[in-house]
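One-letter residues, chain by chain:
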Amino acid sequence: MALRMLKLFSFRAVSPKGRLVGYQVESYKGLMRIPVRSRHCMSFNDMLEFRREQAQKSVVIQVYSDHSYNHLTKLCNEYGPIKETLYYTTPTDLHFILVEFEKKESARKIMESGSFGQKMPPVPCVSPFLWMRASSIKSSEKDDVCPKPVQDSEAKKEILLQNLHEAQSFSDQIKSLYNLTAMGELGIRLRFLTSRQLELALSGAFPFCKALPFGSSVNGFGKAGCDLDLVLQLGGMEEGQETKTEGARLVYHNKNSQSSNGRALVQRHMEVLADFMQHFLPGFSNIQRILHARVPIIKSKHNLTLIECDISMTNMTALHMSEFLYLMGEIDNRVRPLVFVIKRWAQATGLTNPTPGRWVSNFSLTLLTLFYLQKKEVLPSLGTLIRLAGPNDKRFTAEGVNCSFLRDLSNLALSKNKDDLETLLKGFFEFYSTFDYGSRGLSLVTGNEIPKADHSPLFIENPLERYLNVSKNISMEETVRLKVELQNALWITEQALEEVTSVKKDLKWGLIKLLAGPNSAAFKMPKPKTFRLVEMQDLFAEDSSVSHPQPLVKVKGSNKVNHKRR
């Protein structure tokens, strides 16, 4: 499905502290691009509250077709002024319009005004997802022009290739890839509205509950169409925090827990939640209970927003990790494009896999990129943010995990590193193709290599839970393959940069060559006439000064192989 756009959206938000924060959604050759950082970056908590408030003022209404747009906007205006509309379709040719009102009261009124059709369902459920009946009265007025649909998916491969080919430089190609594949405004809004639906359904019994998105949906590194990760807090507060009831003479009755095992209690609660979603909440389907994992989750699909959703109840550390990654992306505008192109390269070469297993994950790749940028002094270490933290930055989970670090970046010094994206990308491949994986690990807390704390082939210290190895799942075979692909990528990047310098652009120049891997349908290329061999004994050489293996070129008409210098 193509990512198409008709309108330009812009909005301004005021943080709780009264500081004006500007965010803007611009078009890029007719395509949606995600918000860009302003001079005063919005804090993670302010961003969450802004998006949650947007969802509280919004509803999604299914219509017969785009010709219903005029009738729908007239109907919605009866309940209050409309601030914004977003129109999207599904692969099954269903039509939806997301309507954001100026006030929350308008969204509440329109939900209360809805009916349940000709026949009342056994268990009626009110939610922000409705559908509009066709009017029996024919209007003689001419319909307004409906905005073209915006989709929460990547651009078509033809559009990707065209924009990459027309870019002026390798760095511009990286920026184009980021703009065309990152999650757009519609994707963000639909994820927060899905969270709002769950929150609203439970608010009758749990008035303080919160359904908070975390992971790629909010950290700024999510691509279009990515999954929605949610942590559900029935108390609506930080784990371990106590409620303030001073002076209250009336106290609610509560159900006392019959289980002393906290994990078993969480599993029971999630079992009940899964049944509730399956039987009562419209849109949620394909409910899967994965309750015996280290972090119990419920997997589901939302048929009205086309979003895959994972829900947990005890994963507050992941929310703070999302905040750390969000801040890293906000510090420098080169961070997210670089992470995107590295993840796309790993996908093209088959290093990553949609299903969990022994291979490198996108999360590990993100941390590898951030660590490299710390070494290049583009980003500060987490230890620096911890040292600069103030009293308002203190965060502890119920399990005792210390998640305290600086949240306000306004006084953080800017990086003196001015390398462009192509230089940083080449440096990434060069740094990790010679890294000593055998004895050294990576710490984003110190921003330096550390001795490995276990015997895993690849050791990346979890920045918040430092006793954990983020990459413990990666096998020796996959670590070897990672290093081989890094060396090959370095060679391809060097060649591509030389071609750009000598103006030898063809249809497959620059970044297109790098992404033309066996798993990349968008960047398929003919097999090259040359091949490269890597000496296995050099892969884990203790001496980091071992030179890169040179590509070997087969002489035409002969079985001999000659070394050819770059």
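Anyway, here's the lowdown on the structure attached to this text.

Basis of the calculations
- Residues numbered from 1 in each chain as written.
- Predicted model: local features only at pLDDT ≥ 70, side-chain atom pairs only at ≥ 80, totals over all residues.
- Heavy atoms only, no water.
- Pairing = 2+ DSSP bridges.
- Helix = DSSP H or I, 4+ residues; strand = E, 2+ residues; numbered from the N terminus.
- Axes fitted to C-alpha atoms, helices over the stretch in contact; angles between N-to-C directions.
- Buried < 20%, exposed > 50% of the residue type's maximum accessible area, 1.4 Å probe, protein only.
- Phe/Tyr/Trp six-rings, centres within 6.5 Å; stacked < 30°, edge-to-face > 60°.
- Lys NZ or Arg CZ within 6 Å of the ring centre and 35° of its normal.
- Salt bridge = Lys/Arg side-chain N within 4 Å of Asp/Glu carboxyl O.
- Parallel < 35°, antiparallel > 145°, perpendicular 65-115°, else oblique.
- Left-handed = near helix turned anticlockwise from the far one by under 90°.
- Contact = heavy atoms within 4.5 Å.
- Nonpolar A, V, L, I, M, F, W, Y, C, P; charged D, E, K, R; others polar.
- Expected span 1.5 Å × (residues − 1).
- Arc of directions from axis to C-beta.
- Patch = residues over 30% accessible without salt bridge, like charges linked within 9 Å, V, L, I, M, F, W, Y side chains within 5 Å.
- Areas by Shrake-Rupley, 256 points an atom, 1.4 Å probe, with all protein chains shown as cover.

If you walk across this open sheet you meet the four strands as β6-β7-β5-β8, and the pairing is mixed. The sheet terminates laterally at β6 (82-89) and β8 (129-131), the two strands that pair on one side only. Geometrically, the sheet is characterised by an average inter-axis angle of 25 degrees between neighbouring strands, direction not taken into account. Strand direction decides the pairing type here: β6 and strand β7 (residues 95-101), joined by seven bridges, are antiparallel.

Quick look at unusual backbone geometry now. Positive phi outside glycine occurs at Asp93, with the angle close to 65 degrees. Locating Asp93 in the fold gives a position in the loop between β6 and β7. Note on Asp93: relative accessible area 54%, which makes it exposed. The backbone of Asn286 shows a phi angle near 50 degrees, a positive value even though the residue is not glycine. In this fold, Asn286 is placed in strand β11 (residues 284-290). According to the relative accessible area criterion, Asn286 is exposed, its value standing at 54%.

Counting buried positions along strand β13 (residues 307-312) gives five out of six residues, so the element sits mostly inside the fold. Of the pairings in the sheet, the one linking strand β10 (residues 228-233) to β13 comprises four bridges and is parallel in character. What sits directly across from Leu228, in β13, is Cys309. Strand direction decides the pairing type here: strand β12 (residues 297-302) and β13, joined by five bridges, are antiparallel. Opposite Lys301, over in β13, you have Glu308 as the bridge partner. Count of turn residues in the β12/β13 antiparallel hairpin: four residues, of which Leu306 carries a positive phi of about 60 degrees.

Moving on, we come to the sheet that holds strand β9 (residues 210-214). The strand order β9-β10-β13-β12-β11 describes an open sheet built from five strands, whose pairing is mixed. Unpaired on one side and paired on the other, β9 and β11 mark the two borders of the sheet. Taken pair by pair, the neighbouring strands of this sheet meet at an average axis angle of 25 degrees, ignoring direction.

Applying the stated criterion across every chain, the model contains 15 aromatic pairs. Seen from their ring centres, Tyr178 and Phe340 are 5.0 Å apart, and the 80 degrees between their planes marks the pair as edge-to-face. Highlighted residues: Tyr178 in helix α5 (residues 170-181) and Phe340 in helix α9 (residues 335-348), separated in sequence by 162 residues. An identical accessibility class is assigned to Tyr178 and Phe340; each is buried. Among the aromatic residues, those joined into a ring-pair cluster are Trp345, Phe371, Tyr372, Phe428, Phe429, Phe431, Tyr432, Phe435 and Tyr437. Between Arg336 and the ring centre of Phe221, over which it is positioned, the NZ or CZ distance is 5.6 Å. If you follow Lys343 out to its NZ or CZ, it ends over the ring of Phe340, 5.5 Å from the centre.

Turning our attention to the pattern of salt bridges. Tallied over the entire structure, the rule returns 19 salt bridges. For Asp275, the salt bridge goes to Arg289, with nearest N and O atoms at 2.4 Å. You can see Asp275 sitting in helix α7 (residues 262-280) and its partner Arg289 sitting in strand β11, a full 14 residues away along the chain. Residue class for Arg289 comes out partly exposed when judged on its relative accessible area of 30%.

A word on the pairing of β9. By the criterion of burial, β9 is predominantly enclosed, with four of the five residues buried. In this structure, β9 lies alongside β10, joined through five bridges in antiparallel fashion. In the strand pairing of β10, Pro213 is matched with Leu230.

As a further point, take the packing of α9 against helix α10 (residues 362-375). Each pair of packed helices can be summarised by the angle the axes make with each other and by the distance between the axes. Axis separation between α9 and α10 bottoms out at 10 Å; the angle between their running directions is 135 degrees. Here α10 runs oblique to α9, going by the angle between their axes. Judged by the sense of rotation from one axis to the other, the crossing of α9 with α10 is right-handed. Mapping the contact onto sequence places Val335, Leu338, Val339, Ile342, Lys343 and Ala346 in α9 and Asn362, Leu365, Thr366, Thr369, Leu370 and Leu373 in α10. Taken together, the residues that form the contact of α9 with α10 break down as eight nonpolar, three polar and one charged.

Inspection of the secondary structure puts Glu105 in helix α3 (residues 104-113). For Glu105, a relative accessible area of 37% gives the class partly exposed. Each C-alpha atom, one on Glu105 and one on Lys57, is 7.6 Å from the other, the two residues being 48 residues apart in sequence.

The next thing to look at is α7. For α7, which comprises 19 residues, the first-to-last C-alpha distance of 27 Å matches the rise-based estimate of 27 Å (1.5 Å per residue) to within 8%. For α7, the complete set of buried residues consists of Val266, Gln267, Met270, Leu273, Ala274 and Met277. Looking straight down α7, one finds its buried side chains confined to an arc of 125 degrees; they lie on one side. Exposed side chains of α7 directed beyond 90 degrees from the buried face belong to Arg268, Val272 and His279.

On to a nonpolar patch on the surface. A cluster of nonpolar side chains, namely Phe116, Met120 and Val126, defines an oily patch on the protein surface of about 280 Å² accessible area. Tracing the backbone through its elements, the reader meets Val126 in the loop between α3 and β8.

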